[in-house]
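# Overview (structure and organization)
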Amino acid sequence: MRVLPVGRRALLVEVESTGRAQALHAELVRLREAGELPEVEEIVPAAVTVLLDGLEDPRALAERLRGWDVPAAVPAGSAAVVLPVRYDGPDLAEVAALWGVDEEEVAAVHSRTEFRVAFCGFAPGFGYLTGLPEELGVPRRAVPRTAVPPGSVGLAGPYTGVYPRTSPGGWQLIGRTDAVLWDVSREPAALLAPGTRVRFEAVP
Amino acid sequence: MTGAGVLEVVRPGALTTVQDLGRVGLAHLGVPRSGALDAPAHRLANRLVGNPAGAATLETTVTGCAVRPDRAVAVAVTGAPCPVRIDGRPAPWGAAVRVPGGAVLEVGAARAGVRSYLAVAGGVAVEPVLGSRSTDLLSGLGPAPLSAGTPLPVGPASGPAPWALPGTAAAAPGPPTGELVLPLVLGPRDDWFTGAALRTLARAAYRVSAESNRVGLRTEGPSPERARGGELPSEGMVTGAVQVPPGGGPVVFLADHPTTGGYPVVGVVPGEALAAAAQAVPGLPVRFVPLRR
């Protein structure tokens, strides 16, 4: 684990893997809720890091973190969010070819995978979901689409993601869900947050 | 909510947005902080009219704006210095001013700097979204930028009558002139750059790009050379982070910056220096002053 200062009010904690970053994030959130972490404005997990922003004394916390043993596994947490998906995306055939299977098998593999939100970004409510085995990673599209409709389920690199709203995007689209990923009039606004477990359910 | 009045937008200007101190604690969901780019100017404007610091103000961009209150209100304009007029008559900038009901308050074009702040006693009382009234132009949260004819609700004034407040002269440092000097606390990814790159960063003649916006202050100039290839896995970004995209000058992240990003951050401009960045006009020379941690 490396602890890197970021400016004068933040720390970036870097670990070996996305799984470790998820575990570290869960542990930091647990400590904050238990009142055992100094005041911090933001705890932002990402691929292999967790950012702590808005710290009064980053040096002191850095010292404390350097002696830390992060639990290797993420706590199971609450029940999985289930997203119904029609696996009929415009890039389904492309992904099937990349995986060396037929289109039905893409849907079967994807819908029996246990996913977890590793981190959010790109747009409010957009989660980067991990869970697919490494060898099923796919490249982004060479030419991004200018408008991807909301609810589109896409793959890029090791991640699966669902577009919360219409936006440009280069992910390979395999299907679409009617679930509302982001709604500011709802509490919570984000259906998916870091640590949320997710399953996709194939629907006709 | 019981409004205490309404401002009608007479002239929205090039880009005028509602801003407060932003959305805190939601970065892990991909929600940018947002909020006033020149936070000291926003706070000063609020103080001048007796508002708490978190009351929403209007942030203009270069060309100002004009509004018409439906009843008498106290206002103050700070940030980028500009002419202020009430029904055509000159009024002071950087001080609390009374605008009669039905009169047009004109916030003129910036004489220097980029962004002026208009505070109204009681604050702009549009409905908050996720705890803030700020317009976030990256993710489209909060009210849309002002357009002509839009009614903006004003909250009930809470503080004492502004004219009773002492020290109404604006003592802010003002927009940068001649040069924008940005201290740069190196890291967390300065090791992705060569020593030559760090010298380039310190010595090159960068200029503020016209592509700058609320997301970032973009610069034109040499791209500091990386010491290593490959891609950095996405990581959390702070306000003030200086990213170096390939083939371009450094970008300083401002209030509407994305919460995660994949370009290495060579250093971070401390918060107290960002007000100047928010007021730097296109073409202004930029000098980064790298500081070892």
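Residues numbered from 1 in each chain as written. Chains lettered and ligands numbered in written order. Predicted model: local features only at pLDDT ≥ 70, side-chain atom pairs only at ≥ 80, totals over all residues. Heavy atoms only, no water.

## Re the sheet that holds strand β2 (residues 17-19) of chain B
All names here are of chain B. Read across the open sheet, the five strands follow the order β2-β3-β10-β5-β8; overall the sheet is antiparallel. Among the strands making up the open sheet, the edge pair consists of β2 and β8 (97-99). Along the sheet, successive strands turn relative to each other by an average axial angle of 35 degrees, direction set aside. Two strands pair when backbone bridges link them, and β2 and strand β3 (residues 57-59) are joined in this way by three bridges, in the antiparallel orientation. Of the residues in β3, the one forming a bridge with Gln19 is Thr57. Across the face of the sheet, helix α1 (residues 39-48) comes into contact with β2, β3, β5 (73-79) and β10 (116-120) while running at roughly 155 degrees to β5. (Pairing = 2+ DSSP bridges. Helix = DSSP H or I, 4+ residues; strand = E, 2+ residues; numbered from the N terminus. Axes fitted to C-alpha atoms, helices over the stretch in contact; angles between N-to-C directions. Contact = heavy atoms within 4.5 Å.)

## Focus: the pairing of strand β20 (residues 285-291) of chain B
The two faces of the sheet receive side chains in turn, since in a regular strand these alternate between them. All names here are of chain B. Examined bridge by bridge, strand β12 (residues 180-186) and β20 share six bridges and lie parallel to one another. Directly across from Leu184, in β20, lies its bridge partner Pro290. Pairing geometry for strand β13 (residues 206-208) and β20, over two bridges, is antiparallel. The residue bridging Tyr206 from the neighbouring strand is Val286, located in β20.

## Some remarks on the pairing of strand β19 (residues 265-268) of chain B
All names here are of chain B. Judged from the two bridges that link them, β12 and β19 form a sheet pairing that is antiparallel. By the bridge assignment for β19, Val185 is matched with Val268. As paired elements, strand β16 (residues 241-243) and β19 share three bridges and run antiparallel to each other. Note on β19: the bridge partner recorded for Gln243 is Val265.

## Quick look at helix α4 (residues 103-111) of chain A
Among all positions in α4 of chain A, only Val106, Ala107, Val109, His110 and Ser111 of chain A are buried. Elements in contact with the buried residues of α4 of chain A: α3 (92-99), β6 (115-121), β9 (152-156), β10 (159-162), β12 (172-176) and β13 (197-202) of chain A. (Buried < 20%, exposed > 50% of the residue type's maximum accessible area, 1.4 Å probe, protein only.)

## A word on the pattern of salt bridges
In the structure shown here, the tally under the stated rule is 23 salt bridges over all chains. In this structure, Glu272 of chain B engages Arg8 of chain A in a salt bridge whose closest nitrogen and oxygen atoms are separated by 3.4 Å. Of this pair, Glu272 of chain B sits in the loop between β19 and α3 (274-278) while Arg8 of chain A is found in the loop between β1 (2-6) and β2 (10-14), placing the two residues in two different chains. Asp91 of chain A is the partner of Arg145 of chain A in a salt bridge, and the nearest nitrogen-oxygen pair spans 2.9 Å. (Salt bridge = Lys/Arg side-chain N within 4 Å of Asp/Glu carboxyl O.)

## Quick notes on helix α2 (residues 58-66) of chain A
Residue and element names in this part refer to chain A. Looking at α2, one finds that the buried residues are Pro58, Leu61, Ala62 and Leu65. The buried side chains of α2 occupy one side of the element, clustering within an arc of 105 degrees when seen end-on. For α2, exposure combined with an orientation more than 90 degrees from the buried face picks out Arg59 and Glu63. Close packing links the buried residues of α2 with β1, β2, α1 (18-33) and β4 (49-53). (Arc of directions from axis to C-beta.)

## Some points on the interface of chain A and chain B
Contact residues are listed per partner, giving 36 residues for chain A and 34 residues for chain B. Taken together, the two surfaces of chain A and chain B that pack against each other cover about 2,500 Å², and 62% of this comes from carbon and sulfur. Broken down residue by residue, the surface that chain A buries against chain B is led by Arg8, Glu42 and Pro124 of chain A, which jointly contribute 19%. The tally of links between chain A and chain B comes to five salt bridges. Linking chain A with chain B are 10 residue pairs in polar contact (both at pLDDT 80 or more), by the criterion used here. (Buried area = accessible area lost by both parts, 1.4 Å probe. Polar contact = N/O pair within 3.5 Å; in protein donor to acceptor, adjacent residues only side chain to side chain.)

## Brief notes about the environment of Gly122 of chain B
Residue and element names in this part refer to chain B. Within the fold, Gly122 resides in the loop between β10 and β11 (151-154). Using a relative accessible area of 22% as the deciding quantity, one classes Gly122 as partly exposed. For the pair Gly122 and Leu180, spaced 58 residues apart in sequence, the C-alpha separation works out to 34 Å. Beyond its immediate chain neighbours, meaning those up to four positions away, Gly122 contacts Asn51, Gly155, Pro156 and Ala157.

## Re unusual backbone geometry
The peptide bond linking Glu187 of chain A to Pro188 of chain A adopts the cis configuration, its omega dihedral lying at 0 degrees. Residue position: Pro188 of chain A is located in the loop between β12 and β13. The amide bond that connects Gly187 of chain B to the next residue, Pro188 of chain B, takes the cis arrangement and shows omega of 10 degrees. Its place among the elements puts Pro188 of chain B in the loop between β12 and α2 (195-203).

## Some thoughts on the side chain of Thr196 of chain A
All names here are of chain A. Residue placement: Thr196 occurs in the loop between β12 and β13. Looking at Thr196, the relative accessible area reads 17%, which means it is buried. Engagement of the side chain of Thr196 in a polar contact is seen with the backbone oxygen of Ala193, the distance being 2.7 Å. Excluding anything up to four places from it in sequence, Thr196 contacts Val81, Phe115, Arg116, Val117 and Leu191.

## Section: the confidence of the model for chain B
Overall, the prediction assigns chain B a mean pLDDT of 93, with 94% of residues at 70 or greater. Of the two predicted TM-score estimates for the complex, the pTM is 0.94 and the ipTM is 0.95. (pLDDT = per-residue confidence, 0-100.)

## Examining the packing of α3 of chain A against α4 of chain A
Residue and element names in this part refer to chain A. Between α3 and α4, the least distance of the axes is 8 Å, while the angle of their chain directions is 85 degrees. Taken together, the axes of α3 and α4 lie roughly perpendicular to each other. In this structure, α3 uses Leu92, Ala93, Val95, Ala96 and Trp99 to contact α4, whose residues at the interface are Glu103, Val106 and Val109. For the contact of α3 with α4, the residue count by class is seven nonpolar, no polar and one charged. (Parallel < 35°, antiparallel > 145°, perpendicular 65-115°, else oblique. Nonpolar A, V, L, I, M, F, W, Y, C, P; charged D, E, K, R; others polar.)

## Regarding the sheet that holds β1 of chain A
Residues and elements named next belong to chain A. One open sheet accounts for four strands, arranged β1-β2-β4-β3; its pairing is antiparallel. Bordering the open sheet on either side are β1 and β3 (42-45), each of which pairs with just one other strand. Geometrically, the sheet is characterised by an average inter-axis angle of 20 degrees between neighbouring strands, direction not taken into account. Strand direction decides the pairing type here: β2 and β4, joined by five bridges, are antiparallel. For Leu12, the partnering residue across the bridge sits in β4 and is Leu51. Its contacts with the sheet place α1 against β2, β3 and β4, and it is angled at close to 30 degrees to β4. Relative to β2, α2 is tilted by about 20 degrees, and along the sheet it contacts β1, β2 and β4.

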